[in-house]
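# Close look at the chain arrangement
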Amino acid sequence: RQRQMCIRDRIRRYRMKFSCSQQTLTKALNIVSKAVTIRTTIPILKGILLKVDDNGILTMSASDLDLSIEKKIKVENSNPGEIVVLSKLFGDIIRKLPDGEIIVEETEGKVNIKCSNSEFNIIGLSADEFPNINPNEENSEELVFNKEILKDMIKKTSFAASIDENKGAMTGVLIEMEENSLNMVAIDGFRMAIAREQMKNKEKKNIIIPAKILSEISRIITETESSGDDVTMLLSEKKAVFIMENTKVVIRLLEGDFMNYKRIIPAENPCRVVLSRNDFLESVERASLLAKVGKNNLVKLEIKDNNIEITSKSEEGNVKEDIIVTKEGNDLTIGFNSKYLIDVLKVIDDESISMYFNTNVSPCLVKPIDGNSFEYLILPVRISQ
């Protein structure tokens, strides 16, 4: 009997337990829960793994098998152990609790949560069924990004990827590692976005990361309180791992061939226009108010002398805007889906930009005044002359 009591005491002493401030736990949950999917028939994937080690570090993990996120935080009054909690229920409870110390303790498959005058008991799931989200990193290639540059490249490209799941690789962003540069490219069949950054790479390599997940990476970088300015990316054959201090994000790479985007960039552009990005954006936004969705959100640009006349009309009325530009080459009248123009203009920070045109049925190129840090291609809409 004494031996049984000792065993019980040992189990009680080593059941998972920790305490943490409500704000710290909430911030960590907000990051980790991005990898939880409700569209699954596998119950364990709706959960978050809570694992406390002997050093008082709580590791929170979640995965939908395509995206996995791991976040480590320092906790107090801890006993090592692990259990899986349902993400939505656990997250809702933690977020609703008052700002103070939260005590979480596992007892015989249940999780007890205490804070101030509140106490919850919820069902836990065995950690044995939770997937191993950490790939073998021994032979991985390592790239180091400045986090602000990485966020900017994602912002400049991810919006242009296809949202049609049937288009495979085109739902992703191509990361193209060349000898002296790293390029990100996205294309959906109507527009293309390219962002370039000078970077020395050990070898030439191309990978494709789902655009939706890259956008999540950008948000995680913003939400992660990191003392450093760098994000490390480890590349293995089928996965990419982004490491930001105490946060790790594991991504399954898209398979398939990306379009040879360099072939579709026009070689000749007899009309070049230099203009204020913000003035053009505001004019197109106003003109788009009357651009009817059923007619491709059409706005018409009449480029003549040093002026662009922007017009749009529908059954409800019409609008005309004029902006002063600097033009070289031929006059041209061309139509565009206003949304595609606005999407591009919103992600550029430069005050002035160059736009290149060929014919009224050829794609338009948007580039910086100097250099090649970004490049956008936008297909026009046919208009009746």
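The shown structure was predicted, so the numbers you read here are calculated from the model rather than taken from an experiment. (Residues numbered from 1 in each chain as written. Predicted model: local features only at pLDDT ≥ 70, side-chain atom pairs only at ≥ 80, totals over all residues. Heavy atoms only, no water.)

### A short note on the overall build of the protein chain
Put simply, the test is: Helix and strand assignments come from DSSP, with helices taken as H or I runs of at least 4 residues and strands as E runs of at least 2, each series counted from the N terminus. Think of it in three bands: residues with accessible area under 20% of the maximum for their type are buried, residues over 50% are exposed, and the middle band is partly exposed, with areas taken using a 1.4 Å probe on protein chains only. In this analysis, two residues are considered to be in contact whenever any of their non-hydrogen atoms come within 4.5 Å of each other. Method for areas: the Shrake-Rupley scheme with a 1.4 Å probe, in which residue coverage is limited to the protein chains shown.
A count of helical and extended segments in the protein chain gives 7 helices and 26 strands. Principal-axis analysis of the C-alpha atoms gives the protein chain an extent of 95 × 50 × 35 Å. Per-residue burial over the protein chain gives 49% buried out of 385 residues. In the protein chain, 66% of the contacts between residues at least 6 apart in sequence involve partners at least 24 apart. Surface summary for the protein chain: the accessible area is close to 20,200 Å², and the carbon and sulfur share equals 45%.

### Topic: the sheet that holds strand 26 (residues 374-378)
In plain terms, the rule: We treat two strands as partners when DSSP finds at least two bridges between them. Fitted lines through C-alpha atoms serve as axes, helices being fitted only where they are in contact, and the angles separating the N-to-C directions of these axes extend from 0 to 180 degrees.
Across the sheet, 9 strands lie side by side as 14-11-12-13-26-25-24-18-22; this open sheet has antiparallel pairing. Lying at the two open borders of the sheet, with one neighbouring strand each, are strand 14 (205-210) and strand 22 (326-329). Averaged over neighbouring strand pairs, the angle between their axes works out to 15° when direction is ignored. Two strands pair when backbone bridges link them, and strand 12 (residues 181-187) and strand 13 (residues 191-198) are joined in this way by 7 bridges, in the antiparallel orientation. Bridge pairing in strand 13 places L182 opposite E197.

### A word on the confidence of the model for the protein chain
The line we're drawing: Per-residue confidence from the predictor is reported as pLDDT, a score between 0 and 100.
For the protein chain, mean pLDDT is 91; residues scoring 70 or higher make up 93% of the total. Across residues 7-13, where pLDDT falls below 50, the model places 2 contacts with residues more than four positions away in sequence or in other chains.

### Observations regarding the packing of aromatic side chains
Put simply, the test is: Pairing of aromatic side chains requires ring centres within 6.5 Å, counting the rings of Phe and Tyr and the six-membered ring of Trp. Pairs whose planes differ by under 30 degrees are stacked, by over 60 edge-to-face, and all others tilted.
Applying the stated criterion across every chain yields a total of 3 aromatic pairs. Ring centres of F190 and Y340 lie 5.8 Å apart, and the angle between their planes is 25°; this geometry places the pair in the stacked category. You can see F190 sitting in the loop between strand 12 and strand 13 and its partner Y340 sitting in helix 7 (residues 338-347), a full 150 residues away along the chain. On the basis of relative accessibility, which here comes to 15%, the residue Y340 falls in the buried class. Centre to centre, the rings of F374 and Y376 are 5.8 Å apart; their planes meet at 40°, and the pair counts as tilted. Of the two residues examined, F374 and Y376, each falls in the buried class. Taken together, F159, F374 and Y376 form an aromatic cluster joined through their ring pairs.

### A word on the pairing of strand 17 (residues 247-252)
Most of strand 17 sits inside the fold, with 5 of its 6 residues counted as buried. Where strand 4 (residues 67-74) and strand 17 come together, 5 bridges link them in antiparallel fashion. Along strand 17, the bridge assignment pairs S68 with V250. In the sheet, strand 16 (residues 239-244) pairs with strand 17 via 6 bridges, with the strands oriented antiparallel. Of the residues in strand 17, the one forming a bridge with K239 is R252. Between strand 16 and strand 17, which pair antiparallel and follow one another directly, the connecting turn spans 2 residues, one of which, E245, has a positive phi of 50°.

### Examining helix 6 (residues 277-288)
Heads up, the rule is: To estimate the expected span of a helix, count its residues, drop one, and scale the result by 1.5 Å. Arc definition: it is the arc formed by the directions from the helix axis to the C-beta atoms.
Helix length check: helix 6, at 12 residues, gives a terminal C-alpha distance of 16 Å against a target of 16 Å (1.5 Å per residue), a fit within 8%. Listed as buried for helix 6 are R277, F280, L281, S283, V284, A287 and S288. Looking straight down helix 6, one finds its buried side chains confined to an arc of 170°; they lie on one side. Contacts from the buried residues of helix 6 go to strand 18 (271-276), strand 19 (298-304), strand 20 (307-314), strand 21 (317-324), helix 7 and strand 24 (352-357).

### Digging into the layout of surface pockets
What counts is decided by this rule: With a 1 Å grid spanning the protein atoms alone, the term cavity applies to any set of points in which a 1.4 Å probe fits but cannot get out, the term pocket to an open set with protein on both sides within 12 Å along at least five of seven lines, and the term lining residue to any residue with an atom within 4 Å of a point. Grid points are joined across faces, edges and corners, and a volume is the space filled by probe spheres set on the points.
Quantified by volume, the largest pocket comes out at close to 900 Å³. With 5 residues, the top contributor of residues to the lining of the largest pocket is helix 5 (residues 211-223).

### Describing the packing of helix 4 (residues 147-157) against helix 5
Selection criterion: By definition, turning the near helix anticlockwise from the far helix through less than a right angle yields a left-handed crossing, and turning it clockwise yields a right-handed one. When residues are sorted by character, Ala, Val, Leu, Ile, Met, Phe, Trp, Tyr, Cys and Pro go into the nonpolar class, Asp, Glu, Lys and Arg into the charged class, and all the rest, Gly among them, into the polar class.
It is at 9 Å that the axes of helix 4 and helix 5 come closest, and there the two elements cross at 145°. Relative to helix 5, the crossing made by helix 4 is left-handed. Each of K147, L150, K151 and I154 in helix 4 lies in contact with helix 5, whose residues at this interface are L214, S215, I217, S218, I221 and T222. For the contact of helix 4 with helix 5, a count of residues per class yields 5 nonpolar, 3 polar and 2 charged.

### Digging into the environment of D99
Applied cut-off: The definition of a polar contact used here is a pair of N or O atoms within 3.5 Å, where within protein one atom must be able to donate a hydrogen and the other to accept one, and adjacent residues in sequence count solely through side-chain atom pairs.
Residue placement: D99 occurs in the loop between helix 3 (87-96) and strand 7 (101-107). Sequence separation between D99 and S21 is 78 residues; the distance between their C-alpha atoms is 7.3 Å. A polar atom in the side chain of D99 sits 3.3 Å from the side chain of Q23.

### A short note on helix 7
Counting buried positions over the 10 residues of helix 7 gives 8, a clear majority of the element. Taken together, the buried positions of helix 7 are S338, Y340, L341, I342, D343, V344, L345 and V347. With a side-chain oxygen positioned 2.9 Å from the backbone nitrogen of K339, the residue opening helix 7 is N337.

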